[in-house]
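# Remarks on the overall topology
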Amino acid sequence: MRVGIIGAGSIGLLFAAYLSRLFDVTVYTRSQEQANEIDLHGISLLNRMDRTVAVVKAVPITDWQGSDELTIVAVKQYQLFSIIERLKQTPTMPENLLFLQNGMGHLKLLNDLKGTNLYVGSVEHGALRENLYTVRHNGAGTTNVAVYKGDSGFLQWLTGVVSKVFPMTYQEEYLAMLEKKLIANALINPLTAILQVQNGVLVDNPFYYKILQNLFCEISAILNLKQPEEYWGQVIKICQQTADNRSSMLKDIEANRLTEVDAILGYLLEEADRKGITSPQLVTLYYLIKGKESQGER
């Protein structure tokens, strides 16, 4: 099967490295330079045990034709709009599209797509891109996937095949799946970015832990969580399991890049406004991140 992966950041490279063990993979990059580097070196995959090199094809996104049997969109949420516009302009919409974005702000962009099967995913793996063709697999988890629109048959088949080399779990309900990841992202990413700490510090420091609790209460009210203790337990578990990790938002702030705060906190604040719920702590956190972003743009 031909698999196309749009985006060659940490997640795109990670998926390409593992899926190339099963499928014919093409990576679509933002620059010709990165495509050349991947074609020259392959994708170097590092983990605690060893280093492997995956041979894949790499071409700039400008050469993308949408002819792959599965297309995985692994760009950040704020980069997604241009990809969606390009998708709309393709003569034939790809049959199977899997979107791997944080937050839930991207869902409204998918409503305009006419693709046969639209899938969404929630990635629990830890990954860090070290250069244009090298990715470090920091933490093994799973990729939860669900149908957003279309038929489930292909996705269920895919999870069974891919899980042989790279954990992937089929979920029946996309909204519940994305909400769980959204809550973790909304708590861990912005706080670690502002405090400039690793994930585990949020539960080890009793004062930061209290902030975490207060923010969770606001989120729980916005989403009207039926079993909040289950979601809270998952957040604590993630902090503990990824204690030494630096969140993607913290790394974005440190590198003076845009963050995905609009897809994460922005989505929650829109929901709060729609429901007439006040959330002063989330609002403050949102503007703190936006302020950090604006400093990086200077």
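Residues numbered from 1 in each chain as written. Predicted model: local features only at pLDDT ≥ 70, side-chain atom pairs only at ≥ 80, totals over all residues. Heavy atoms only, no water.

### Remarks on the pairing of strand E10 (residues 134–139)
Sheet topology note: the strand E3 (residues 43–46)/E10 ladder contains three bridges and is parallel. When the bridges of E10 are listed, Ser-44 appears paired with Thr-134. Direction of pairing for strand E9 (residues 126–131) relative to E10: antiparallel, over a ladder of five bridges. Residue Leu-128 lies in a different strand from E10, and its bridge partner there is Arg-136. The turn joining E9 and E10, which pair antiparallel and follow one another in sequence, is formed by two residues. (Pairing = 2+ DSSP bridges. Helix = DSSP H or I, 4+ residues; strand = E, 2+ residues; numbered from the N terminus.)

### Quick look at helix H1 (residues 10–19)
Taken across its ten residues, H1 has eight buried, putting it largely inside the fold. Residues of H1 that are buried: Gly-12, Leu-13, Leu-14, Phe-15, Ala-16, Ala-17, Tyr-18 and Leu-19. (Buried < 20%, exposed > 50% of the residue type's maximum accessible area, 1.4 Å probe, protein only.)

### A word on the pattern of salt bridges
Applying the stated criterion to the full structure yields 13 salt bridges. Between Arg-136 and Glu-130 there is a salt bridge, with the nearest N and O atoms lying 2.7 Å from each other. A relative accessible area of 29% places Arg-136 in the partly exposed class. One network of salt bridges, with partners in common, ties together Lys-76, Asp-252 and Arg-257. (Salt bridge = Lys/Arg side-chain N within 4 Å of Asp/Glu carboxyl O.)

### Focus: the packing of aromatic side chains
The geometry of two aromatic rings is summed up by the distance between their centres and the angle between their planes. Taken as a whole and assessed by the stated rule, the structure comprises nine aromatic pairs. Between the aromatic rings of Tyr-209 and Trp-232, the centroid separation amounts to 5.7 Å while the plane-to-plane angle is 70°, which identifies the pairing as edge-to-face. In this pair, Tyr-209 sits in helix H8 (residues 206–223) while Trp-232 sits in helix H9 (residues 228–241), placing the two residues 23 residues apart along the sequence. Judged by relative accessible area, Trp-232 falls into the buried class, the value being 16%. Residues Phe-216 and Trp-232 carry aromatic rings whose centres are separated by 5.2 Å and whose planes lie at 50° to one another, so their mutual orientation is tilted. Of this pair, Phe-216 sits in helix H8 while Trp-232 sits in helix H9, and the two are 16 residues apart along the sequence. The pair Phe-216 / Trp-232 is uniform in exposure class, with both members buried. (Phe/Tyr/Trp six-rings, centres within 6.5 Å; stacked < 30°, edge-to-face > 60°.)

### Some thoughts on the side chain of Glu-179
Take Glu-179: it is sitting in helix H6 (residues 174–195). Of the side chains bearing the opposite charge, Lys-275 lies closest to the buried Glu-179, which forms no salt bridge; the N-O distance is 6.8 Å. Contact partners of Glu-179, with chain neighbours within four places excluded, come to Met-104, Leu-223, Leu-225 and Tyr-231. (Lys, Arg positive; Asp, Glu negative; His and termini not counted. Contact = heavy atoms within 4.5 Å.)

### Some details on the packing of H6 against H9
Where H6 contacts H9, the axes come no closer than 10 Å and their chain directions differ by 55°. The angle between H6 and H9 places the two elements in the oblique class. In this structure, the crossing between H6 and H9 has a hand that is right-handed. In contact with Glu-179, Lys-180, Ile-183, Ala-184, Leu-187 and Ile-188 of H6, H9 contributes Glu-230, Tyr-231, Gln-234, Val-235, Ile-238 and Cys-239. Classifying every residue of the contact of H6 with H9 gives eight nonpolar, one polar and three charged. (Axes fitted to C-alpha atoms, helices over the stretch in contact; angles between N-to-C directions. Parallel < 35°, antiparallel > 145°, perpendicular 65-115°, else oblique. Left-handed = near helix turned anticlockwise from the far one by under 90°. Nonpolar A, V, L, I, M, F, W, Y, C, P; charged D, E, K, R; others polar.)

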